[in-house]
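Descriptive analysis of the structure
For reference, the chains in residue letters:
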Amino acid sequence: MTTQEKLKKLREELKQIFLERADLIDGALAALLSSHHVLIIGPPGTAKSMLADELCRRIEGANYYQWLLTRFTTPEEIFGAVSLKALEQDDYRRVTSHKLPDAHIAFLDEIFKANSSILNALLTLINERLFHNGKEITPVPLLTLFGASNELPEEEELTALYDRFLVRFVVNYIAEDFRFLRMLEAPPQSERTCLTLSELQELQRGARDVIIPPHAYRSIADIRRELNKKNLQASDRRYRQCLSLLQAHAFLDGGKEIQEKNLFFLEHVLWRDPSEHEQVRATIRDLLLGYEQEITELLYESREIRESAVQPGQSSDERARALIELHTKLRNILTKVDQIMERAKRLGRPLDRVSSVRSEIEHLQKEMLEQF
């Protein structure tokens, strides 16, 4: 298999194991391909740790670090013990082997229980990929950090850590009964597709080559404007970082450039509080699908007008007046369609659906005129 085929197979296997988690799986893979961090929020028993652990362990050759944080977790547990040999030389440095600074992929459970002695080092490590170790500042190989928590952070000092997670998901227990039964009845999975670290790096290069077309920039600017109107503000850094995430999301589907459908994934990026998620989602969908809904409504209106114009039992004069009225109404509808098409073109949106509807309405108009 090619590396992209292996990625596709791995993705499908995860979706078979973790039901009702398709968006989360795609988000985790996209974050891994774009080197961003993922936060999973949800009650105990929703497979947060299991999913992150399963994915991380499928990257062979990568250093993987996992830890459950508590209020009493010490820096030594996360970053390594202080080197006694270095202390003899007045250098307060840590032995980081097999600890977080040595990891390519990491999973920190109950991450918001980190105390202030861990927090500052953690912020620099996951954002700048740097670790202050004694007299040196060393780069770390960290690609993606998966964080999990049963609750949102309440302390102000944790706000910066919370913001470092570009992709955020709120998970709950399986909702549908038939999927719950599938979960109960599912046998252990016999196949377990893995990627090597070099294959992952190859896939990351492929994701970076995905084209960002001009309409994607304009659509993101439109989304930002509409969200700002509703006081749903995200930082400029978050909007900038989402570009590489969208490239990775498009790459997952085998795309060569970001398409409009990929922009819907921003619903997992642009909220701060879970209560905002649905509003962010609705705003994005209304903005991206609004013109298509308008077009569909105009098409239905055109069909209804045609049906009402050809009622049986009409006299020739009544039929003629009905056809003239139909022609006038369809002409007005076509004007609206042209306005929508011009707006969609200006925003760089796909025009296939608009063109198709316009052709059907023109055909209706021509069909009616031939009956005069």
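Parameters and conventions
- Note that residues are indexed from 1 along each chain, following the sequence as it is written.
- Owing to the predicted nature of the model, reporting of local features is limited to residues with pLDDT of at least 70; listing and counting of side-chain atom pairs is limited to 80 or more, with chain, interface and lining totals taken over all residues.
- In computing side-chain properties, one takes all heavy atoms of the structure into account and sets aside hydrogens as well as water.
- Per the convention used, a helix needs a DSSP run of H or I reaching at least four residues, while a strand needs a run of E reaching at least two, with both numbered from the N terminus.
- The quantity called the radius of gyration is restricted to C-alpha atoms. Its globule counterpart is 2.2 Å times the number of residues to the power 0.38.
- A 1.4 Å probe rolled over the protein chains alone gives each residue an accessible area, and that area as a share of the maximum for its type sets the label: buried under 20%, exposed over 50%, partly exposed in between.
- Contact criterion: two residues are considered in contact whenever any of their non-hydrogen atoms come within 4.5 Å of each other.
- Only the protein chains shown count as cover for residues, and the accessible areas themselves come from Shrake-Rupley with a 1.4 Å probe.
- In this tally, Asp and Glu contribute negative charge and Lys and Arg positive charge; neither His nor the terminal groups of the chain are included.
- For this purpose, a charge sits on NZ of Lys, CZ of Arg, CG of Asp or CD of Glu.
- Whether a set of points on the 1 Å grid over the protein atoms alone is a cavity depends on a 1.4 Å probe fitting there but being unable to get out, while an open set qualifies as a pocket with protein on both sides within 12 Å along at least five of seven lines; lining residues are those with an atom within 4 Å of a point.
- Grid points are joined across faces, edges and corners, and a volume is the space filled by probe spheres set on the points.
- Nonpolar residues are Ala, Val, Leu, Ile, Met, Phe, Trp, Tyr, Cys and Pro. Charged residues are Asp, Glu, Lys and Arg, and all others, Gly as well, are polar.
- Should DSSP find at least two bridges between two strands, the strands are regarded as paired.
- Criterion for a salt bridge: a side-chain nitrogen of Lys or Arg within 4 Å of a carboxyl oxygen of Asp or Glu.
- Comment: axis = line fitted to C-alpha atoms, over the contacting stretch for helices; angle = value between 0 and 180 degrees taken between N-to-C directions.
- If an angle is under 35 degrees, it is roughly parallel; if it is over 145, roughly antiparallel; if it lies from 65 to 115, roughly perpendicular; otherwise it is oblique.
- Note on ring pairs: Phe, Tyr and Trp rings are taken, using the six-membered ring of Trp, and paired if centres are within 6.5 Å. Classes follow the plane angle, with under 30 degrees stacked, over 60 edge-to-face and the rest tilted.
- We call a charge positioned above a ring when the Lys NZ or Arg CZ atom is no farther than 6 Å from the ring centre and deviates by at most 35 degrees from the ring normal.
- Expected helix span is given by 1.5 Å per residue-to-residue step, counting one fewer step than there are residues.
- For a residue, the bend is simply the angle between two axes, fitted respectively to the seven-residue segment ending there and the seven-residue segment starting there.

Let's talk about the overall build of the chain
When you go through the chain residue by residue, the secondary structure sums to 15 helices and nine strands. For a compact globule of 372 residues, the expected C-alpha radius of gyration is about 21 Å, and the chain comes in at 27 Å, more than 25% above that figure. Burial statistics for the chain: of 372 residues in total, 47% are counted as buried. In the chain, once contacts between residues fewer than 6 apart in sequence are set aside, the share between residues at least 24 apart is 77%. With an accessible surface of roughly 19100 Å², the chain has 49% of that area assigned to carbon and sulfur atoms. A gap of 3 Å separates the mean positions of the 51 positive and 59 negative side-chain charges of the chain.

Concerning the layout of surface pockets
In this model, the largest pocket occupies a volume close to 500 Å³. Around the largest pocket, the lining is made up of 20 residues, and of these Gln16, Ile17, Phe18, Leu19 and Met183 lie nearest the centre. Looking at the lining of the largest pocket, the elements with two or more residues in it are α1 (3-17), α3 (48-56) and α8 (177-185). In terms of residues, the lining of the largest pocket owes the most to one element, α8, which gives three residues. Considering only enclosed or pocket space, the second largest pocket measures out at about 180 Å³ in volume. Those elements giving two or more residues to the lining of the second largest pocket turn out to be α2 (22-34) and β8 (167-170). Across the lining of the second largest pocket, the residue classes tally to five nonpolar, two polar and five charged.

What to know about the pairing of strand β6 (residues 136-139)
Strand direction decides the pairing type here: strand β5 (residues 130-133) and β6, joined by four bridges, are antiparallel. Bridge pairing in β6 links His132 to Ile137. Between β5 and the antiparallel strand that follows it, β6, lie two residues; Gly134 among them carries a positive phi value of about 65°.

Here's the deal with the pattern of salt bridges
Tallied over the entire structure, the rule returns 28 salt bridges. Between Glu199 and Lys6 there is a salt bridge, and its shortest N-O distance comes to 3.0 Å. Taken together, the positions of Glu199 in helix α9 (residues 197-208) and Lys6 in helix α1 put the pair 193 residues apart, joining distant regions of the chain. Exposure class is identical for Glu199 and Lys6. Each is buried.

Quick look at the packing of α1 against α9
Their axes nearest at 10 Å, the elements α1 and α9 cross at an angle of 100°. In terms of their interaxial angle, α1 and α9 are classed as roughly perpendicular. Seen from α1, the contacting residues are Thr3, Gln4, Lys6 and Leu7; seen from α9, they are Glu199, Glu202 and Leu203. In the contact of α1 with α9, the residues fall into two nonpolar, two polar and three charged.

Brief notes about the packing of aromatic side chains
Note on aromatic pairs: each is described by the distance of the centres and the angle between the planes. As enumerated under the stated definition, the model contains four aromatic pairs in all. Relative to Phe265, the ring of Phe169 has its centre 6.3 Å away and its plane inclined at 55°; by these criteria the two rings are tilted. One end of the pair, Phe169, is in strand β8; the other, Phe265, is in the loop between α12 (260-263) and α13 (277-309), and 96 residues separate them in sequence. The ring of Tyr162 has Arg168 lying over it, and the distance from NZ or CZ to the ring centre is 4.1 Å.

Quick word on helix α11 (residues 236-252)
When the terminal C-alpha atoms of α11 are compared, their 25 Å separation across 17 residues agrees well with the 24 Å that a helix rising 1.5 Å per residue should span. The largest bend along α11 measures about 25° and falls at Leu243. With 12 of 17 residues buried, α11 is to be regarded as a mostly interior element. Inspection of α11 places Arg238, Tyr239, Cys242, Leu243, Leu245, Leu246, Gln247, Ala248, His249, Ala250, Phe251 and Leu252 among the buried residues, and these make up the whole buried set. Directly beyond the C-terminal end of α11, a positive phi value near 80° is found at Gly254.

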